[in-house]
Amino acid sequence: MPDPHLIRSPNTDSRPDGSVPELIVIHAISLPPERFGGSGVEQLFTNRLDPSGHPYYAQIHTLRVSAHYFIRRTGELICFVPPELRAWHAGVSMWRGRERCNDFSIGIELEGCDTLPFEAVQYAVLADLIADLCVRFPIAGITGHSNIAPGRKTDPGPRFSWARLRQLLSDAGQGEVASRIEPDGWGSDDDELLMAWPFPVGARPA
């Protein structure tokens, strides 16, 4: 796993007394939507998003949100909020009957969207990061944003392979960590389909 590049977000505060990370929430984000490699996500999480930079930015530039980690398409790992602190990533949410998931969760954003596959290196970095966090904190569950905010959120989306993440963890001797993944996701027979781009490699969004 690459060392995280630290870019501190102001959108953070202390966890409530007695709260520790027990849940990992996987997200997907791209700014502008379905475009990759730009500075939009970094600007959003640091309250510097220019509303004139893209028509979509005019709708969201006043949001005050963040995540603990962001994994770019290249595998670069950015830490916006140390996991000991609370990031503002989950919004209105519930897990196992508990509301306010920000209080007890770690949010990991993948650079991606609902309609396009994720990169193999993103899965590799994600698996290593999850394994490390499960050593450091009493993580009991690993789930998607859509699972804690159903009907409101869809990420990480139908092109994210939970089976691939499980397999990477299992292959690394982290079978017990893999067992904490909650969504069933797609079966392994569909993994190649999930990783396939719907257009030539040279035409990927950039």
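Further up the page is the structure itself.
Keep in mind it's a predicted model, so treat the numbers as computed, not measured.

K.L.:
Please set out the pairing of strand β9 (residues 105-111) residue by residue, giving values where relevant.
P.N.:
In terms of residue burial, β9 counts as a mostly covered element, since 7 of its 7 residues are buried. By the alternation rule, side chains of β9 split into S105, G107, E109 and E111 and I106, I108 and L110, which are all buried. With 7 bridges connecting them, strand β3 (residues 23-29) and β9 associate as parallel partners. Bridge pairing in β9 places H27 opposite E109. Where strand β4 (residues 69-71) and β9 come together, 3 bridges link them in parallel fashion. Among the inter-strand pairings, F70 is bridged to a residue of β9, identified as E109.

K.L.:
Account for the side chain of D155, naming residues and giving values.
P.N.:
Note that D155 resides in the loop between α4 (145-148) and α5 (162-171). Here D155 is buried and forms no salt bridge, its nearest opposite-charge partner K153 lying at an N-O distance of 5.7 Å. Within polar-contact distance, the side chain of D155 engages the side chain of H145 at 3.2 Å. Apart from the residues within four sequence positions on either side, D155 is in contact with I26, H27, A28, D114, G144, H145 and S146.

K.L.:
Explain unusual backbone geometry residue by residue, including any values.
P.N.:
In this structure, P32 follows L31 across a cis peptide bond, with omega equal to -10 degrees. Position of P32 relative to the elements: it lies in the loop between β3 and α1 (40-45). Look at the link from D155 to P156: it is a cis peptide, with omega at 10 degrees. Among the structural elements, P156 can be located in the loop between α4 and α5. Here the phi dihedral of E34 falls at roughly 65 degrees; this positive angle occurs in a residue that is not glycine. As for its placement among the helices and strands, E34 is situated in the loop between β3 and α1. Residue R96 is not a glycine yet carries a positive backbone phi of 50 degrees. Residue R96 is classed as exposed on the basis of its relative accessible area of 57%.

K.L.:
Can you explain helix α3 (residues 120-136)? Please cite residues and give values.
P.N.:
Under the 1.5 Å per step criterion, the end-to-end length of α3 is 25 Å for 17 residues, consistent within 8% with the ideal 24 Å. Q122, Y123, V125, L126, A127, L129, I130, A131, L133 and C134 are the residues of α3 that are buried.

K.L.:
Any details on the packing of aromatic side chains? Residues and values, ideally.
P.N.:
Enumeration according to the criterion identifies 7 aromatic pairs in this entry. Arranged with centres 6.5 Å apart and planes meeting at 80 degrees, the rings of F118 and Y123 form a pair that is edge-to-face. Exposure class is identical for F118 and Y123. Each is buried. Between Y123 and F160, the aromatic rings sit 5.3 Å apart at their centres with planes inclined by 25 degrees, giving stacked as the arrangement. Note that Y123 is positioned in helix α3 and F160 in the loop between α4 and α5, a separation of 37 residues in sequence. Like F160, Y123 is buried. In textbook terms, an aromatic cluster arises when at least three aromatic residues are bridged by ring pairs, as seen for F118, Y123, F160 and W162.

K.L.:
Help me get a handle on the nonpolar core, residues and values and all.
P.N.:
Among the nonpolar cores identified, the biggest contains 31 residues, and I24, I26, I108, L126, I130, F160 and L165 are the most heavily contacted of them. Residue assignment for this core shows that the elements contributing at least two residues are β3, β4, β5 (77-79), β9, α3, α5 and α6 (175-178). By residue number, the principal contributor to this core is α3, which donates 9 residues. In this structure, L44, F45, I78 and A87 belong to the second largest nonpolar core, which totals 15 residues.

K.L.:
Report on the state of the cysteines, specifying residues and quantitative values.
P.N.:
Joining two cysteines, a disulfide is a covalent bond between their sulfur atoms. Going through the model one piece at a time under the given rule, you end up with 0 disulfides. C134 provides the cysteine sulfur closest to C101, a residue in no disulfide bond, and the two sulfurs are 16 Å apart.

Reading guide: rules and limits
Residues numbered from 1 in each chain as written. Predicted model: local features only at pLDDT ≥ 70, side-chain atom pairs only at ≥ 80, totals over all residues. Heavy atoms only, no water. Buried < 20%, exposed > 50% of the residue type's maximum accessible area, 1.4 Å probe, protein only. Helix = DSSP H or I, 4+ residues; strand = E, 2+ residues; numbered from the N terminus. Pairing = 2+ DSSP bridges. Lys, Arg positive; Asp, Glu negative; His and termini not counted. Salt bridge = Lys/Arg side-chain N within 4 Å of Asp/Glu carboxyl O. Polar contact = N/O pair within 3.5 Å; in protein donor to acceptor, adjacent residues only side chain to side chain. Contact = heavy atoms within 4.5 Å. Expected span 1.5 Å × (residues − 1). Phe/Tyr/Trp six-rings, centres within 6.5 Å; stacked < 30°, edge-to-face > 60°. Core = buried A, V, L, I, M, F, W, Y, C linked by side-chain atoms within 4.5 Å. Disulfide = S-S within 2.5 Å.

Bear in mind that shape data such as this cannot, by itself, settle questions of function.
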